[in-house]
Amino acid sequence: MRCRAKNCGTEIIFTLTKNNKQMPTDATSLTEEDFKWLANNNGILSFRYGEHTSHYGTCRNPEEFRKNYDNLSKQKSAKRGITDSNK
Ligand SMILES: [Zn+2]
């Protein structure tokens, strides 16, 4: 998918951190092996610290990106019927 923030449009891939959180990751930081794995597996790649680049750090419009991403997470949670009452 592409980042929807204004002036950005970077290709991003969602990976999974060790805390099982989805991390938007710059597609350019993924290796050829990563893409091969993604093509052959119906799964989600693990975020590798020091190797993969989080899009939170590189987005040209981080404020808007955060907002979009928060909404996205909320929609996903709502679909699963999970309510986040801590926020
Ligand atoms: Zn972006």
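It should be noted that the structure appears before, not after, this text.
Residues numbered from 1 in each chain as written. Predicted model: local features only at pLDDT ≥ 70, side-chain atom pairs only at ≥ 80, totals over all residues.

Undergrad: Quick question: what am I supposed to make of the overall build of the chain here?
TA: In terms of regular secondary structure, the chain is built from 3 helices and 3 strands. In sequence order, the chain lays out its α and β elements as β-β-α-β-α-α. Per-residue burial for the chain yields a buried fraction of 16% across its 87 residues. Long-range contacts, defined as pairs at least 24 residues apart, comprise 56% of the intrachain contacts of the chain with a sequence gap of at least 6. (Helix = DSSP H or I, 4+ residues; strand = E, 2+ residues; numbered from the N terminus. Buried ≥ 20, exposed ≤ 12 C-beta atoms within 10 Å, placed from the backbone. Contact = placed C-beta atoms within 7 Å.)

Undergrad: How do you make sense of the environment of Lys6 when you look at a structure like this?
TA: Assignment of secondary structure puts Lys6 in the segment before strand 1 (12-16). The exposure class assigned to Lys6 is exposed, which follows from the 11 C-beta atoms found within 10 Å. For the pair formed by Lys6 and Glu64, sequence separation is 58 residues and the distance between their alpha carbons is 7.5 Å. Not counting the four nearest positions on each side in its chain, Lys6 is found in contact with Asn61 and Glu64.

Undergrad: Help me out: how do you make sense of the sheet that holds strand 1 in this one?
TA: One key point about sheets: their strands pair by backbone hydrogen bonds, in either a parallel or an antiparallel sense. As summarised here, the arrangement of the 3 strands in space is 2-1-3, forming an open sheet in which the pairing is mixed. Looking at the sheet topology across the chains shown, the edges are occupied by strand 2 (22-26) and strand 3 (45-46). Taken together, the 5 bridges between strand 1 and strand 2 define a ladder with antiparallel strand orientation. Pairing of Ile13 across the sheet is with Thr25, part of strand 2. (Pairing = 2+ DSSP bridges.)

Undergrad: Would you take a moment to explain the nonpolar core for this structure?
TA: Proteins that are soluble and globular tend to have nonpolar side chains buried together. Residues Cys3, Ala5, Ile12, Ile13, Leu30, Cys59, Phe65 and Tyr69 constitute the largest nonpolar core, which totals 8 residues. Breaking this core down by element, the ones donating at least two residues are strand 1 and helix 3 (62-80). Contact partners of Cys59, with chain neighbours within four places excluded, come to Cys3, Ala5, Cys8 and Phe65. (Core = buried A, V, L, I, M, F, W, Y, C linked by C-beta atoms within 7 Å.)

Undergrad: Whenever I open this one, the environment of Arg4 confuses me. Can you help?
TA: For Arg4, the position within the fold is in the segment before strand 1. You can call Arg4 partly exposed: it has 15 C-beta atoms within 10 Å. Expressed as a C-alpha distance, the spacing of Arg4 and Asn61, which sit 57 residues apart in the sequence, is 9.4 Å.

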